[in-house]
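Observations on the three-dimensional arrangement
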Protein chains: 2
Amino acid sequence: MLILALDVTDGERAVKIAKETSEHISAIKVNYPLVLSAGIEIVKKLSDLKPVIADFKIADIPYTSSLIAEIAFTHGARGVIVHGLAGSDTVKAVKEVADRYRGDVYLVTELSSKGGEEFMRDCSDRIVEMAVEMNVAGLIAPATRPERVAEIKKAAKRLRVICPGVLTQGGSIEDVLKAGADGIIVGRAIYNSPTPGEEAMRINELITSFLKKYK
Amino acid sequence: MLILALDVTDGERAVKIAKETSEHISAIKVNYPLVLSAGIEIVKKLSDLKPVIADFKIADIPYTSSLIAEIAFTHGARGVIVHGLAGSDTVKAVKEVADRYRGDVYLVTELSSKGGEEFMRDCSDRIVEMAVEMNVAGLIAPATRPERVAEIKKAAKRLRVICPGVLTQGGSIEDVLKAGADGIIVGRAIYNSPTPGEEAMRINELITSFLKKYK
């Protein structure tokens, strides 16, 4: 499963890349730089092409977090990403909103950046436990640390584990799939390519071949 | 110091409340529900009335976090709120953007909600240390736990400590100022009042009298 992290800030360019890549990707992940620049309506436009995961890394009190999730789902998002670190009450509040829309909740375990090891590493095993208990859709785990992906996937049981941090950020697609990841999130390597459609096809074929080998 | 948490989702209502309360508040804190509903331009409109703190609880990898901060500051924000939990690289990336705009960075220590005790409590003392080392403008501490405000203020040294969680969320303004807080964030008690201006005046006078007593 290839998820496109559509981290451009121009709405028209975002739609163009989404169209060019759509037959090779499973979902589009959108983050705040795009949504703040192009307006929340971009979520609706993209969700007409592919399921959209709103990567809002929600990390607020339950009341505010549920409002943010509500806005994402009313604009067509299929899933939202929440920081488990915000606590079980926040995750529960977002999940209640998601359930009304039959939407998915993904919890961040550790950021793929270096700083993800400073504080989040100390909490991530407990966040995985909470995710399993609360039966959310999946977990976001760092492709930059495949050994952690393996540990997280083992503890995550049947929850999906999807991983950002490959290619531009340094992670290896093969290592991460070998570690048990169910999906790979790719951003810059695709949207900065002169031919995003071809690049998405190439990466998706690579993922498919590794999944056959390791799953 | 009274900061208005302007957590309504209607842009016109937001501007109306901001105008009515502006002479009794020091700053306006805006969060995603308002910005996603009304568009990022609302930050500019409100910043023409009062300094705006963009409470985006930024908690992403450094690259994405710096893009979010850049959008806040180019739209007139005076400060941004970041989750220290994201790691020192993320805080550094945001601070570099803020410094270019002579803007302020505030780090969340623990959310004021119950869930803020589950994971964040284990990291918050280290986040305060990081904030002091990196010389950010201030810290966000939970008014719902005044004993934590006192500990955080002691460790924060000369950094400002501002606290959400009073009134509707249960915290006492007097307890929090007695614990050493420099500012109080009030949302629902003001914007849900039939007379927001009068309520802001009343709360601001209360804060001023307690600050005289305890500072």
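Treat the numbers as computed from the prediction; the structure is a model and nothing was measured.

With that settled, consider the overall build of chain A. Tallying secondary structure elements over chain A gives ten helices and eight strands in all. Out of the 215 residues in chain A, the part that is buried amounts to 63%. Considering only residue pairs separated by 6 or more positions, chain A has 64% of its internal contacts joining residues 24 or more positions apart. With the model as given, the accessible surface of chain A reaches about 8300 Å², and the carbon-plus-sulfur share is 49%. Chain A carries 29 positive and 29 negative side-chain charges, and their two centres are separated by 4 Å.

At the interface, 43 residues of chain A touch 43 residues of chain B. The junction of chain A with chain B conceals about 3400 Å² of combined surface from both sides, 64% of it contributed by carbon and sulfur atoms. Put simply, chain A and chain B have four salt bridges between them. For the salt bridge of D122 of chain B with R126 of chain A, the shortest nitrogen-to-oxygen distance reads 2.6 Å. The interface formed by chain A and chain B contains 16 residue pairs in polar contact (both at pLDDT 80 or more). Of all elements in the fold, only α2 (32-38), β3 (52-58), α4 (62-74), α5 (88-100), α6 (121-134) and α9 (188-191) of chain A reach the threshold of two or more residues within the side of chain A that touches chain B.

As a further point, take the sheet that holds strand β6 (residues 138-140) of chain B. Residue and element names in this part refer to chain B. A barrel is described by the order of its strands in space; here eight strands give the closed sequence β1-β2-β3-β4-β5-β6-β7-β8, paired in parallel fashion. Strand after strand, the sheet turns through a mean of 25 degrees between neighbouring axes, direction not considered. Taken together, the three bridges between β6 and strand β7 (residues 160-163) define a ladder with parallel strand orientation. Its bridge partner lying in β7, L139 is registered against V161. Its contacts with the sheet put helix α10 (residues 196-214) on β1 (2-5) and β8 (183-186), and the angle it makes with β1 is roughly 145 degrees.

For any two helices packed against each other, one specifies the crossing angle of their axes together with the interaxial distance. All names here are of chain A. For the pair α6 and helix α7 (residues 146-156), interaxial distance at closest approach is 9 Å and the crossing angle is 30 degrees. Taken as axis vectors, α6 and α7 run roughly parallel relative to one another. Along this stretch, α6 crosses α7, giving a crossing that reads as right-handed. When α6 is examined against α7, the residues R121, S124, D125, V128 and V132 are found in contact with a partner set consisting of R148, E151, I152, A155 and A156. A breakdown of the residues in the contact of α6 with α7 according to their chemical character gives five nonpolar, one polar and four charged.

Take the pattern of salt bridges next. All names here are of chain A. In total, this model carries 38 salt bridges over all chains according to the counting rule given. E20 is the salt-bridge partner of K16, the closest N and O atoms lying 3.0 Å from each other. One end of the pair is K16 and the other is E20, both in helix α1 (residues 11-21) and four residues apart, which spans about a single turn. Residue classification places K16 among the exposed positions, given a relative accessible area of 51%. R121 serves as the salt-bridge partner of D125, at 3.7 Å between the closest nitrogen and oxygen.

Thresholds applied
Residues numbered from 1 in each chain as written. Chains lettered and ligands numbered in written order. Predicted model: local features only at pLDDT ≥ 70, side-chain atom pairs only at ≥ 80, totals over all residues. Heavy atoms only, no water. Helix = DSSP H or I, 4+ residues; strand = E, 2+ residues; numbered from the N terminus. Buried < 20%, exposed > 50% of the residue type's maximum accessible area, 1.4 Å probe, protein only. Contact = heavy atoms within 4.5 Å. Areas by Shrake-Rupley, 256 points an atom, 1.4 Å probe, with all protein chains shown as cover. Lys, Arg positive; Asp, Glu negative; His and termini not counted. Charge placed at Lys NZ, Arg CZ, Asp CG, Glu CD. Buried area = accessible area lost by both parts, 1.4 Å probe. Salt bridge = Lys/Arg side-chain N within 4 Å of Asp/Glu carboxyl O. Polar contact = N/O pair within 3.5 Å; in protein donor to acceptor, adjacent residues only side chain to side chain. Pairing = 2+ DSSP bridges. Axes fitted to C-alpha atoms, helices over the stretch in contact; angles between N-to-C directions. Parallel < 35°, antiparallel > 145°, perpendicular 65-115°, else oblique. Left-handed = near helix turned anticlockwise from the far one by under 90°. Nonpolar A, V, L, I, M, F, W, Y, C, P; charged D, E, K, R; others polar.

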